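These are the residues of each chain, in order.
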Amino acid sequence: MAVRTGWEDIYGVCMTAAIGTAGTFAAASHGLDGSAAGNCMIPLLNHPSIDPGFSIDFGQKTTGLAQNRYDTGNIYEYTLGKKQPKVSLEMGITEKRLTFFLWLLFQTGAVQDAVGNQYQSTFSIPVAGGSGPEIYCSVARSIGITADADNHAVHGCIANQITLSGNSGERCKMAVDLIGKTFVTNMNLATTDLTVETSATERMIFDYTYSLAGTDITAFLESWTLTVNNNAATKFYGGQTPTSYILNRFATNGSIKMAMSATTVGDNSQIDAFVSGAQKTFIASRGTTNTAGYQNIKVTALY
């Protein structure tokens, strides 16, 4: 019997327009390279397992002294509670991966502007509270067996939480927590449907310029992390599987580790900022606005 290992699995993502729509992962699908461009494969840094989101009760059921069973003695079994699959993906940061997954997180807070032959996307918290998603995705897991129709997939996904991080001398990383509607084990998927994005340059921590409260801290930064959660509420109407999501108040937290000795960067500057209770802005940016490869990550928060 053949033995499989985790690194043999291939994962891919494909955008869809409705919670009940299954991604096709075809060459004309909306993958990491954009609309009708395909290229759905994600080179991951972890070996994710898909949580199907439900369990089966095999125990005997009793009501008072009556025992529910068939004449043959076989016990009843049934699905426990609500069913909501989950999967977490960890990857290096590229512009296309950021665009794909941040759209799934911010939903209607995403805006795309065309400048010449460039498309610049801006992501911010939606103004209206309790808004619903405008876009979803399918996550596929090709397990590399002979029968194409035996692969795994989670459909109707949105991003519930994204963590961006960077450590000294290493590539910057993105961890994406996805919640979905249905989990299937009969996805018809060929490995040829999952091709990697073009121009997939993963960014290093030193590819960015960093500032805190208007002061350049690039030369003193050791690590940073930023987590954004949209606190999406899942609704179950008329069944055990999700029928819709509602985005609630966004929550953001993070940390910055840097040298303390530099004046206005370390010293007592950050302690004073904490004591004052004033909001400060952290920015990680690279490139020039309206040009290929431009990124600008900005968060204003209390210490």
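Residues numbered from 1 in each chain as written. Predicted model: local features only at pLDDT ≥ 70, side-chain atom pairs only at ≥ 80, totals over all residues. Heavy atoms only, no water.

Draft legend 1. A look at the overall build of the protein. Helix and strand content of the protein: two helices and 20 strands. For the protein, the proportion of its 303 residues judged to be buried stands at 37%. Sequence separation of at least 24 residues holds for 67% of the intrachain contacts in the protein that already meet a minimum separation of 6. In the form shown here, the protein has an accessible surface area of approximately 15,800 Å², with 52% of it arising from carbon and sulfur atoms. (Helix = DSSP H or I, 4+ residues; strand = E, 2+ residues; numbered from the N terminus. Buried < 20%, exposed > 50% of the residue type's maximum accessible area, 1.4 Å probe, protein only. Contact = heavy atoms within 4.5 Å. Areas by Shrake-Rupley, 256 points an atom, 1.4 Å probe, with all protein chains shown as cover.)

Draft legend 2. Examining the sheet that holds strand 20 (residues 295-301) more closely. Reading across from one edge, 14-13-19-20 is the order of the four strands in this open sheet, with antiparallel pairing throughout. Here the strands that pair on one side only, and so sit at the sheet edges, are strand 14 (215-216) and strand 20. Of the strand pairs in this sheet, strand 13 (residues 209-212) and strand 14 are connected by two bridges, and their pairing is antiparallel. In the strand pairing of strand 14, L212 is matched with T215. (Pairing = 2+ DSSP bridges.)

Draft legend 3. Broad picture of the nonpolar core. In terms of nonpolar packing, the biggest core is built from 51 residues, with F101, L104, I162, M174, L178, Y210 and W224 touching the most fellow members. Per-element accounting of this core gives the leading share, seven residues, to helix 1 (residues 95-106). With residues near it in sequence (within four places) discarded, M174 still touches L89, E90, M91, I93, R97, L98, F101, I162, T163 and L164. Core analysis: the next-biggest nonpolar cluster, separate from the first, contains eight residues, C14, A140, M187 and L194 among them. (Core = buried A, V, L, I, M, F, W, Y, C linked by side-chain atoms within 4.5 Å.)

Draft legend 4. Representation of helix 1 in the model. Here helix 1 spans 16 Å end to end across twelve residues, near enough to the 16 Å set by a 1.5 Å rise per residue. In terms of burial, helix 1 is a largely internal element, nine of the twelve residues being buried. Residues of helix 1 that are buried: E95, R97, L98, F100, F101, L102, L104, L105 and F106. Of the residues trailing helix 1, Q107 is marked for its positive phi of about 55°. (Expected span 1.5 Å × (residues − 1).)

Draft legend 5. Structural view of the pairing of strand 11 (residues 173-179). Here seven bridges tie strand 6 (residues 86-92) to strand 11, and the two strands are oriented antiparallel to one another. The partner of M91 across the bridge, within strand 11, is M174. Note: strand 10 (residues 151-167) against strand 11, seven bridges, orientation antiparallel. Within strand 11, the residue paired with A159 across the bridge is L178. Hairpin connection between strand 10 and strand 11: a loop of five residues separates the two successive antiparallel strands, and G169 in this loop has a positive phi of roughly 80°.

Draft legend 6. Region of interest: the pairing of strand 9 (residues 136-142). Among the seven residues of strand 9, six are classified as buried, and the element is accordingly described as predominantly covered. Across seven bridges, strand 1 (residues 10-16) lies against strand 9 in antiparallel orientation. Bridging from a neighbouring strand, C14 pairs with S138 of strand 9.

Draft legend 7. Summary view of the packing of aromatic side chains. The final tally for this structure, using the stated rule, is eight aromatic pairs. Geometrically, the ring pair formed by Y136 and Y245 is tilted, given 6.4 Å between the ring centres and 35° between the ring planes. On the criterion of sequence distance, the pair formed by Y136 in strand 9 and Y245 in strand 17 (residues 244-246) is long-range, its members being 109 residues apart. By the burial criterion, Y136 is buried, and Y245 matches it. Seen in terms of ring centroids, Y208 and Y210 are 6.2 Å apart; in terms of plane orientation they differ by 40°. Their pairing is tilted. Assessed through its relative accessible area of 2%, Y210 is described here as buried. By the ring-pair criterion, three or more aromatic residues cluster together here, those being Y208, Y210, W224 and F282. (Phe/Tyr/Trp six-rings, centres within 6.5 Å; stacked < 30°, edge-to-face > 60°.)

Draft legend 8. Spatial organisation of unusual backbone geometry. Positive phi, close to 55°, is recorded for Q107, a residue that is not glycine. Checked against the element boundaries, Q107 lands in the loop between helix 1 and strand 7 (110-115). Positive phi is not limited to glycine here, since N231 has a value of about 50°. Residue position: N231 is located in the loop between strand 15 (221-229) and strand 16 (233-235).

Draft legend 9. Expanded view of the environment of L105. Residue position: L105 is located in helix 1. Along the chain, L105 and N229 lie 124 residues apart, while their C-alpha atoms are 7.9 Å from each other.

Draft legend 10. Broad picture of the pattern of salt bridges. This model, assessed by the stated rule, comprises eight salt bridges. Its salt-bridge partner being R141, residue D9 comes within 2.8 Å of it at the nearest N-O pair. Here D9 is found in the segment before strand 1, whereas its partner R141 is found in strand 9, with 132 residues between them in sequence. D33 is the partner of K96 in a salt bridge, and the nearest nitrogen-oxygen pair spans 2.8 Å. Note that K96 is positioned in helix 1 and D33 in the loop between strand 1 and strand 2 (55-57), a separation of 63 residues in sequence. Here K96 falls in the partly exposed class, since its relative accessible area comes to 26%. Through salt bridges with shared partners, one network takes in R97, R171, E197 and E202. (Salt bridge = Lys/Arg side-chain N within 4 Å of Asp/Glu carboxyl O.)

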